[in-house]
Structures are given as C-alpha cells and as structure tokens.
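Examination of the molecular architecture
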Amino acid sequence: MKAVIFDLDGVVVNTAKYHYLAWKKLAGDLGFDFDIRHNERLKGVSRMESLNIVLEVGGITGYSQEQKEELADRKNQYYLTMIENLDQSEILPGIPEFLDKIRNAGYKTALGSASKSGGMILRKLGLESKFDVIVDGNLVEKPKPDPEVFVKGAQLLNIPCEECIVVEDAKAGVEAAHAGHMKCIGIGDPMILGEAEKVVNSTEELVTVDLEHI
Ligand code: B16
Ligand code: MG
C-alpha cells in the first residue's frame, strides 16, 4: 500500500453536524422537521442529492430545477455561516497523529471529499500541508458512490488505485472506494459500513490499524 485517501466530513472533521443543522434550518423554512434519524442518508452524498433526500423526507414535490438550486444555495449559505469559525479544535481525535505516523512511514496522503468547501475547510484547520493532494467537490462531477473523487486523488498522486486505502464514514464512500478498486477503512457502525475491509469505532483507533494487513 502506498497512499491513504481521506474523506473529510466525518473523518477529518465533524462538519456532518453543521451540514445536518443547515438542512434542518432549510426544512424549517419549508415547514417541516428534518430529524437526525434521516441524517445518515445525507453523509457523503452531493449537495443536490442531499436536497432531494430532504425534500423526500418532507413529502415535498414539484419544485423546478431553478427553485431547487435556490434551496441548495440557501442551505449552503447557512452551512458556510455555521462553519465560519471552524478551527483546529474541531479536528477529529487522533487524525493529526495518524497523518504524521503514515507520512513518516512513507505513505502519500490525499483528501477525497465531495464537499465544494473541502479545500477551504482544510486550510481553516491548518491541515493543508499534511496532504500531498487535495481533491474536493470543485474538481469532480460525479458524486459518491461513483469512485471519481478517489480515482482522481490516486491519479494526482500517481499511484495505482489498487495501492490506495480510503478512510470513510459513509456507506456511499465505502461503495465509491470499492468501485475504484481501493481498500477501505470505515469509521463508525459496522452494521452500516460492514462492506469495508476494516471498521473502527472512532478516528482515535486509526493509529492502531496495520495498513499492510487490512
Ligand atoms: P457541500 P465528504 C460531503 O462531504 C458531506 O458528507 C455531505 O453531507 C455533503 O452534502 C457533501 O460533502 C457536499 O458538500 O455542500 O459542502 O459541497 O463526506 O465527502 O467530505
Ligand atoms: Mg464523510
């Protein structure tokens, strides 16, 4: 194995809660409650696909493409306001140590995030220099579970996909890794991420994983 490709939201930083709160606020504007129970479905999927899920949960149909774009933009404005003061304190536990450990061991590192704010968030967290390559939602068109975001990372690193390991917290991301012929370490619930080669409970456990035997 030569490289580790990191999802951002839910792996490097807990922005998932701000995505959730921003969608909840939008749902409030539209007159319904978006409950945390439905949030798992939004993880790792694109902004527009997330909007479709939120509208489905609210039983809302009939919006034009233009109206949907306005709603997605509005949610993004809520989200950007919520993450304005994001800083290093929100980096998930063990991530800086894991990055240092694997980089010292010679692995290359990449970000592979569906979020258009991915690069900006890494800068806010002061982690930009820990990644050899940064691929975010601005560089790719096809949302996870399409492997494009990870394959692009491997290409920019100049490393074959088969020698890359993806770290993901979302089912769509595990599927994307496998579609790209990469191995995957899941962070979270084995019931949801069971298809990953290895699942750990939290980011803190990443340093204990033997990357050559997953
Ligand atoms: P944006 P990841 C994903 O980030 C989030 O998990 C998902 O909830 C979000 O809709 C998507 O990015 C797009 O984000 O609206 O900021 O472009 O997990 O791929 O790092
Ligand atoms: Mg994620």
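Residues numbered from 1 in each chain as written. Chains lettered and ligands numbered in written order. Predicted model: local features only at pLDDT ≥ 70, side-chain atom pairs only at ≥ 80, totals over all residues. Heavy atoms only, no water.

Glancing now at the packing of helix H1 (residues 16-30) against helix H2 (residues 47-57). The N-to-C vectors of H1 and H2 enclose an angle of 45°; their axes lie 11 Å apart at closest approach. Between H1 and H2, the interaxial angle falls into the category oblique. Crossing angle aside, the handedness with which H1 passes H2 is right-handed. For the pair formed by H1 and H2, the contact residues are Trp 23, Leu 26 and Leu 30 on the first element and Arg 47, Ser 50, Leu 51, Val 54 and Leu 55 on the second. Per-class residue counts for the contact of H1 with H2 are six nonpolar, one polar and one charged. (Axes fitted to C-alpha atoms, helices over the stretch in contact; angles between N-to-C directions. Helix = DSSP H or I, 4+ residues; strand = E, 2+ residues; numbered from the N terminus. Parallel < 35°, antiparallel > 145°, perpendicular 65-115°, else oblique. Left-handed = near helix turned anticlockwise from the far one by under 90°. Contact = heavy atoms within 4.5 Å. Nonpolar A, V, L, I, M, F, W, Y, C, P; charged D, E, K, R; others polar.)

Looking at the magnesium ion (ligand 2), the protein donor atoms are Asp 7 (OD), Asp 9 (O) and Asp 169 (OD), and they sit 2.0 to 2.2 Å from it. Sequence positions of the residues that donate to the magnesium ion (ligand 2) give the spacing D-x1-D-x159-D. Residues Asp 7 and Asp 9 agree in their burial class; the two are buried. (Donors = N, O, S within 2.8 Å, 3.2 Å for Na, K, Ca; no water. Buried < 20%, exposed > 50% of the residue type's maximum accessible area, 1.4 Å probe, protein only.)

Moving on: the side chain of Asp 9. The topology assignment puts Asp 9 in the loop between strand E1 (3-6) and H1. One buried charged residue, Asp 9, remains without a salt bridge, the closest side chain of opposite sign being Lys 43 at 7.7 Å. A polar contact of 3.0 Å, which involves the side chain of Asp 9, links it to the side chain of Thr 15. Among the polar contacts listed, one links the side chain of Asp 9 to the backbone nitrogen of Ala 16, at a separation of 2.5 Å. Excluding residues within four positions of it along the chain, Asp 9 makes contact with Asn 14, Thr 15, Ala 16, His 19 and Asp 169. (Lys, Arg positive; Asp, Glu negative; His and termini not counted. Salt bridge = Lys/Arg side-chain N within 4 Å of Asp/Glu carboxyl O. Polar contact = N/O pair within 3.5 Å; in protein donor to acceptor, adjacent residues only side chain to side chain.)

By nearness alone, 17 residues border ligand 1, and Asp 9, Arg 47, Ser 113, Ala 114 and Ser 115 come closest of all. Gly 44 is positioned such that a nitrogen or oxygen atom in its backbone is 2.8 Å from an oxygen atom of ligand 1. In the model, an oxygen atom of ligand 1 is placed 2.7 Å from a nitrogen or oxygen of the Ser 113 side chain. Relative to its unbound accessible surface of 460 Å², ligand 1 loses 98% to contact with the protein. (Near = heavy atom within 4 Å. Areas by Shrake-Rupley, 256 points an atom, 1.4 Å probe, with all protein chains shown as cover.)

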